[in-house]
Amino acid sequence: MRSETYNHIPERVLMGPGPSDVPARVLEAMGRPTIGHLDPFFLSLMDQVAQRLRAVFCTTNAMTLAVSGTGSAGMETLAANLLEPADRALICINGVFGGRMRDVAERCGAQVETIEKPWGSVFDQDEVIDAMRRVGPKLVGIVHAETSTGAHQPIDRLGAAARDCGALLMVDCVTSLGGAPVRVDQWQIDAAYSGTQKCLSCPPGLSPITLGDRAVEAIDARRSRVQSWYLDLTMVRHYWGADRAYHHTAPINMLYALHEALGIVLEEGLEARWARHVEMHERLKAGLAPMGIDYVSDPAHSLPMLNAVGVPKGVDDAAARRRLLEEYGLEIGGGLGAFKGSAWRIGLMGHAATHRNVDLLLAALSRVLG
Ligand SMILES: *Cc1c(COP(=O)(O)O)cnc(C)c1O
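One numbering rule holds for all chains: residues counted from 1, following each sequence as written. In view of the model being predicted, local features appear only for residues whose pLDDT reaches at least 70, and side-chain atom pairs are presented and counted only at 80 or more, with totals across whole chains, interfaces and linings using the full set of residues. Each side-chain value is worked out from all heavy atoms of the structure, with water and hydrogens disregarded.

**Q** Kindly report on the pairing of strand β5 (residues 139–143), identifying the contributing residues and their values.
**A** Burial status follows relative accessibility: with a 1.4 Å probe on protein chains alone, a residue under 20% of its type maximum counts as buried, one over 50% as exposed, and anything between as partly exposed. Every helix listed is a DSSP run of H or I at least four residues long, and every strand listed is a run of E at least two residues long, numbered separately from the N terminus. Among the 5 residues in β5, 5 count as buried, and that is most of the element. Taking every second residue as pointing to the same face, both faces of β5 are buried, with L139, G141 and V143 on one and V140 and I142 on the other. Here, any two strands with at least 2 DSSP bridges between them count as paired. Sheet analysis places strand β3 (residues 88–93) next to β5, joined by 3 bridges and oriented parallel. Paired with L90 across the bridge in β5 is V140. As paired strands, β5 and strand β8 (residues 168–172) are joined by 5 bridges and run parallel to one another. In the strand pairing of β8, V143 is matched with D172.

Written out as C-alpha cells, the structure is:
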C-alpha cells in the first residue's frame with residue numbers, strides 16, 4: 001500500500017457502540033515523540049495517568065493502572081488474576097458482554113454458575129444477592145453498561161452484599177466510565193475494568209482497571225501462578241509501582257493519549273459530563289419518538305451513552321446504515337447477538353455526545369427513512 005493511501009482515511013462522526021470520536025488534543029498528544037518506557041518523564045506521566053484514573057473511577061485504590069490491550073484485556077486480566085482453577089464464579093448474563101465474561105471465567109478454569117435475564121432488561125439487585133448467597137462464589141461478575149442492549153444495570157448495593165458473603169464483586173464498566181457515575185469506593189466494588197474508546201474518547205488500545213484491598217489480598221493469597229504471563233498483575237504491578245521493574249514495553253504513545261483524554265474528562269468535571277450524557281440522551285429520545293423509533297431496552301433503565309432502538313418496520317437495516325455512513329459520514333452500530341438485524345445502537349459517548357451530533361443524526365435519519 002502506498003503511503004498516500006492513508007491520506008484518504010475518511011472523517012467520520014462516530015455514533016456507534018465505540019470507538020467514539022477522539023478530540024484533536026488527544027490525537028496530538030499521541031503524536032508526540034516516543035520516549036523510553038523507563039524514562040523518568042514517562043514514569044511520572046504514568047503516575048499521573050494512575051492518579052487521573054483514580055479520580056475518574058471515584059476511588060483511592062492504590063492498584064489502579066491501564067492494562068496494555070482493549071477492554072476485553074481488562075476483563076481477562078481481572079478474571080485471570082482473581083480466579084484460580086476450581087474457584088466458583090457467579091456471572092450475570094443479560095447480553096453479549098455478560099456472555100463473554102462467562103467464557104473468560106471458564107477459560108480460567110473456574111466453576112461458573114450463571115443467572116440470566118432477557119436481553120434489554122436488568123437484574124433486580126436482590127436477585128443477584130440471592131444468587132450470591134446460594135452459590136457462595138469467590139467472584140461475582142456483572143456488566144454495568146451492557147453495550148449490546150443499552151441496559152443500565154443498578155449495582156450500588158452489590159458490593160456490600162458480596163462482602164457479606166465473602167465474595168469479590170467484579171464490574172464491567174467499559175461503556176459507563178466517563179459517561180455515567182461509576183463510584184468504585186462508595187459502591188464497594190472490588191475490581192473494575194474499562195476501555196479507552198468509549199466514553200473516555202481516546203483511541204482503543206488500553207484498559208483502565210482498579211482493584212481494592214480485598215481483591216489485592218486475593219491475588220496475594222493465590223496458590224497457583226496466574227495462567228497468563230502477559231496479564232499477570234503480580235508482575236505488572238512492579239512496573240506501575242515503586243520498583244519500576246520492566247515487564248513488557250508500555251504502549252508509550254497510547255498512554256500519552258489516555259493522559260490527555262483523562263485530563264479533558266476532569267477539566268469538564270465528572271458531574272457535568274454525566275449530566276451532558278443524560279441531556280443528549282433525552283434530546284435524541286425526544287427526536288426519535290415522532291419518527292416511531294422505540295427503545296428495545298427497559299425504558300426505566302436506559303443507558304444515556306448507548307441507545308439501542310428497534311429498526312423501523314420495512315426498513316433495510318444494513319442499507320440504511322450504509323447510507324448514513326456514505327452520505328453523512330455518520331456511523332451508528334447494528335444489533336449484536338439476539339438483536340442482530342433488528343436493532344440499531346446509537347452511541348452518545350464522551351466527545352461525541354453533543355447537540356450538533358444528535359441533531360445531525362436526527363436530520364440524516366429522517367432523510368434516509370424518507
Ligand atoms: C466494548 C466492550 C467490551 C470490550 O471491549 P474491547 O475494547 O472491544 O475489547 C467489554 N464490555 C463492554 C460492556 C463493552 O462495551
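There's plenty left to go through after this.
**Q** Residue-level account of the site of the ligand, with values.
**A** Residues are labelled near a given molecule or strand when at least one of their non-hydrogen atoms is within 4 Å of it. Among the 13 residues in the neighbourhood of the ligand, the closest are listed as T70, S72, T147, D172 and K198. In protein, a polar contact requires one atom able to donate a hydrogen and another able to accept it; more generally it is a pair of N or O atoms within 3.5 Å, and residues adjacent in sequence count only if both atoms are side-chain atoms. Here T147 contributes a side-chain N or O atom positioned 2.3 Å from an oxygen atom of the ligand. In this structure, an oxygen atom belonging to the ligand sits 2.7 Å away from a side-chain N or O atom of K198. To be clear on the numbers: accessible area is Shrake-Rupley with a 1.4 Å probe, and residue cover counts the displayed protein chains and nothing else. Out of a free accessible area of 380 Å², the ligand has 89% covered by protein chains. Counting only elements with at least two residues in the shell around the ligand, the list comes to α3 (71–82) and α4 (96–107). Under the grouping applied here, Gly and all other residues not named as nonpolar or charged are polar, the nonpolar ones being Ala, Val, Leu, Ile, Met, Phe, Trp, Tyr, Cys and Pro and the charged ones Asp, Glu, Lys and Arg. Across the shell around the ligand, the residue classes break down as 4 nonpolar, 6 polar and 3 charged.

**Q** How would you explain the pattern of salt bridges if you had to name every residue and give the values?
**A** Any Lys or Arg side-chain nitrogen found within 4 Å of a carboxyl oxygen on Asp or Glu counts as a salt bridge. Enumeration according to the criterion identifies 19 salt bridges in this entry. The partner of R25 in a salt bridge is E260, and the shortest N-O contact between them spans 2.7 Å. Residue R25 is found in helix α1 (residues 24–30), and its partner E260 is found in helix α9 (residues 252–268); the two are separated by 235 residues along the sequence. Residue R25 is classed as partly exposed on the basis of its relative accessible area of 35%. Two residues, R88 and E113, come together in a salt bridge whose shortest N-O distance is 3.7 Å.

**Q** How would you sum up the sheet that holds β8? Please name residues and give values.
**A** Read across the open sheet, the 7 strands follow the order β2-β10-β9-β8-β5-β3-β4; overall the sheet is mixed. Both outer strands of the open sheet, β2 (63–68) and β4 (111–116), are each paired with one neighbouring strand and no more. Neighbour-to-neighbour, the strand axes of this sheet turn through a mean angle of 20°, independent of strand direction. Bridge analysis of β3 against β4 gives 6 bridges, and the strand direction is parallel. Residue pairing for β4: A89 is matched across the bridge by V112. On the sheet, α4 packs against β3, β4, β5, β8 and β9 (191–193) and is oriented at approximately 165° with respect to β3. When checking whether two residues touch, look at their non-hydrogen atoms; a contact exists if any pair is within 4.5 Å. To obtain an axis, a line is fitted to C-alpha atoms, over the contacting stretch when the element is a helix, and the angle between two such axes runs from 0 to 180 degrees between their N-to-C directions. Those strands touched by helix α8 (residues 233–240) are β2 and β10 (206–211), and its axis lies near 105° from that of β2.

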